[in-house]
Amino acid sequence: MHGRVKLKSTAQQEEEKRKEREKKLKVYVATRDACFNKRKDGAMDDEALQLTQQLLSANPDFATLWNYRREILMYLETVKEEDEVQKQYDAELVFLEACLRVNPKSYGCWYHRGWVCGRQPRPNWVRELALCDECLALDDRNFHCWDYRRMVVKASGVPVEQELQFTDRLIGSNFSNYSSWHYRSTLLPLLHPQSPDPPANCPHPPNSSPPNSPHTHSHRVCEEQLLKEYELVQNAFFTDPNDQSAWFYYRWLLGRAEREEMISCVYMSREGERVVVAFSRPVNAQTVGLMLVLDGQLQRVEWRSAPPSVRHTPVWICELPPGTISDINNEHNLTVHWTEKHTQRECALYSSRPESWCRDSATDQELFRSELSVEKTSVLQSELTSCNQLMELEPENKWCLLTIVLLMRALDPLGYERQTLVHFEKLKEVDSMRTSYYSDLCSKFMIENTILKMEYAEVRVFSISEKNLTTLCHLDQLLLVTHMNLSSNQLSRIPPQFSMLQCLEVLEVKDNLIESLEGLSNLPKLEELCLNNNQISKISQLKPLASCSKLTRLDLRDNPITKMDNLQTELTDLLPSVTDLML
């Protein structure tokens, strides 16, 4: 222990201690064997309880003994009166408190205590809540106790408001209490939920009372409470700018709500008589009840995922029977039903048109940026000003830098794009151990901005070159893109999710570090591919392109593979459709 003088023990003292440990171990092993023999013989008596108690008092993490003890207690329930059972379980709780003093973070103890309370004829939840208060006062990061508290709250119906006040007390005494901040984030959506949009004929949303227990599933917090939380957390990180707990909570406050589960896009093409459906989240189309109705007739189709090897993905593809929609003179109406969520999406294919789609854009879905009220915009702008002031005092504080980036994203991602890039470079300097994380996060934000720009311009061209991208994301939002330019970045691979781009015709990825083309498979419209100046060194790396039947132009200049003998012959065998090959 700190502050105590370490005394040297003599060899004789060490020998005495060793013999004492051996003696205790022999007693423990003998008791354990006796306990196991009684269980093997099916003994369910007080002596077995006493043996398990003796062993668990010394070692509360012996799961087999807790199991045996539960078997005995369940048997005793069948042979004792209710009052006797109540006394038995009260004694068990006293024993468990003693075990928790030995190890306050013993999973076995906390689990067994919850089991006992669930079996008691008359559980005393007030006592259990007080025990949680006592344990968390000793260690406010005891996650076993936090889990147990949530169980007690659920079973006893403690009001959400009371639990929120509990987090107020803990945070007030110690801002660096991550568990309290996290618990608070689960309570706020229950006590202060965001009101649903009222119907057209109803000027105000219907009144509703908060739930009695913090376990009704919800995710959105009303704006009025959010603004109050901003003030609370700001006090925390101004008090200790280097403590991460409050910064993580603040990041949660700035986060977007979960996306509504919906069919976000339906695309149909006469070429290949193909239908592509995109969802707002990854699903398994083979199990969620996806039905396709064309011109009033239910179609029997086989859905396949994009990428093919993934069972849960936001994009699914099917082919209609030959001759169903291939005649360009005919019109067709398609409806996709998602029976599991009781939702559907319609798409009309008009005559003389080779393809058609119906979709919600990323802007429509508020996917990358939520619409802000005047009041919230004013508050967030004030928060940004405060963080900038803190940045002047703490110029090397990574949490403050990252929060400034998030505030800029919430206020105006396009308007603050240049400042965001500057801050990411600073983050890589002050927190060099997480350079890759910041590079990927910056790439994600740049891709989001480019998607927004593309949608504002109403084009199907996605161009994001010379941005030092290290990763690709949101590919399900690029389903309709026909031309893509990712040149002069830091990409090392084309990920499997790239196969979602079912409309892609031209792809430029020159001047990168690409070694894997796994995602360039089963792209039915891909015609031109520029891989100039990458790290392609083997024929096997090009095999995914064999599934792109319309590929006619391929640029492999300045790749290590160009030094191979007989390269052109091997490429001709692998990619017979390519007529314009640049080496």
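Residues numbered from 1 in each chain as written. Predicted model: local features only at pLDDT ≥ 70, side-chain atom pairs only at ≥ 80, totals over all residues. Heavy atoms only, no water.

### Brief notes about the overall build of the protein chain
Argument step 1. Secondary structure summary: the protein chain contains 16 helices and 15 strands in total.
Argument step 2. The C-alpha radius of gyration of the protein chain comes to 32 Å, more than 25% above the 25 Å expected for a compact globule of 583 residues.
Argument step 3. Once the C-alpha set of the protein chain is aligned to its principal axes, its extents read approximately 85 × 65 × 60 Å.
Argument step 4. Taken across its 583 residues, the protein chain has 46% of its residues classed as buried.
Argument step 5. The long-range fraction of contacts in the protein chain, counting pairs at least 24 apart against all pairs at least 6 apart in sequence, stands at 60%. (Helix = DSSP H or I, 4+ residues; strand = E, 2+ residues; numbered from the N terminus. Rg over C-alpha atoms; globule rule 2.2 N^0.38 Å. Buried < 20%, exposed > 50% of the residue type's maximum accessible area, 1.4 Å probe, protein only. Contact = heavy atoms within 4.5 Å.)

### Quick word on the side chain of Q477
Argument step 1. On the secondary structure map, Q477 appears in the loop between β10 (461–463) and β11 (483–485).
Argument step 2. Accessibility expressed as a relative area gives 5% for Q477, which makes it buried.

### Thoughts on the pairing of strand β1 (residues 263–269)
Argument step 1. Extensive coverage of β1 is indicated by the burial of 7 of its 7 residues.
Argument step 2. By the bridge criterion, 6 bridges tie β1 to strand β2 (residues 274–283) in an arrangement that is antiparallel. When the bridges of β2 are listed, Y267 appears paired with V276.
Argument step 3. If you look at the hairpin formed by β1 and β2, you'll find 4 residues sitting between the two strands, and G272 has a positive phi there, around 80°.
Argument step 4. Where β1 meets strand β9 (residues 355–359), 5 bridges bridge the pair, whose relative direction is antiparallel. Residue pairing in the sheet places S269 in a bridge with E355 of β9. (Pairing = 2+ DSSP bridges.)

### Description of the sheet that holds strand β15 (residues 580–582)
Argument step 1. Taken in spatial order, the 6 strands make up an open sheet running β10-β11-β12-β13-β14-β15, and their pairing is parallel. Lying at the two open borders of the sheet, with one neighbouring strand each, are β10 and β15. Taking each pair of neighbouring strands and ignoring which way they run, the sheet shows an average axis angle of 0°. (Axes fitted to C-alpha atoms, helices over the stretch in contact; angles between N-to-C directions.)

### Some details on the nonpolar core
Argument step 1. Membership of the largest hydrophobic core comes to 142 residues, with the highest contact counts inside it found for F462, M484, L486, F498, L507 and L542.
Argument step 2. Excluding residues that lie within four positions of it along the chain, L486 makes contacts with F462, I464, L469, L472, L491, F498, L507, E508, V509 and N512.
Argument step 3. The next biggest cluster of nonpolar side chains, apart from the first, holds 23 residues, and it includes V266, V277, L320 and I325. (Core = buried A, V, L, I, M, F, W, Y, C linked by side-chain atoms within 4.5 Å.)

### Here we look at unusual backbone geometry
Argument step 1. Between A306 and the following residue, P307, the backbone shows a cis peptide bond with an omega angle of 5°.
Argument step 2. Relative to the helices and strands, P307 resides in the loop between β5 (304–306) and β6 (313–319).
Argument step 3. Backbone geometry at D511 places phi at a positive 60°, although glycine is not the residue there.
Argument step 4. Mapped onto the fold, D511 is located in the loop between β12 (506–508) and β13 (528–530).

### Some words on the confidence of the model for the protein chain
Argument step 1. On average, residues of the protein chain carry a pLDDT of 88, and 93% of them reach 70 or more.
Argument step 2. Under a pLDDT of 50 for its full length, residues 198–218 has, in the predicted model, 32 contacts with residues more than four places off or in other chains. (pLDDT = per-residue confidence, 0-100.)

### With respect to the packing of aromatic side chains
Argument step 1. On inspection of all chains with the given rule, the structure shows 18 aromatic pairs.
Argument step 2. An angle of 40° between the planes, with centres 6.0 Å apart, marks the rings of W66 and F95 as tilted. Linking W66 in helix α3 (residues 63–79) with F95 in helix α4 (residues 82–102), this pair joins segments that are 29 residues apart in sequence. When sorted by exposure, W66 lands in the same class as F95, which is buried.
Argument step 3. Among the aromatic residues, ring-to-ring pairing joins Y230, F237, F238, W247 and Y250 into one connected group. (Phe/Tyr/Trp six-rings, centres within 6.5 Å; stacked < 30°, edge-to-face > 60°.)

### Concerning the side chain of E163
Argument step 1. Along the chain, E163 falls in helix α8 (residues 160–173).
Argument step 2. Once you skip the residues sitting within four places of it in the chain, E163 turns out to touch R149, V153, V158, Y183 and L187.

### Examining the packing of helix α10 (residues 223–239) against helix α12 (residues 374–393)
Argument step 1. Where α10 contacts α12, the two axes come as close as 11 Å, and the packing angle between them is 5°. The angle between α10 and α12 falls in the class roughly parallel. Facing α10, whose interface residues are E223, L226, L227, Y230, Q234, F237 and F238, α12 presents E375, K376, V379, L380, E383, S386, C387 and L390.
Argument step 2. Residue composition of the contact of α10 with α12, grouped by class: 9 nonpolar, 2 polar and 4 charged. (Parallel < 35°, antiparallel > 145°, perpendicular 65-115°, else oblique. Nonpolar A, V, L, I, M, F, W, Y, C, P; charged D, E, K, R; others polar.)

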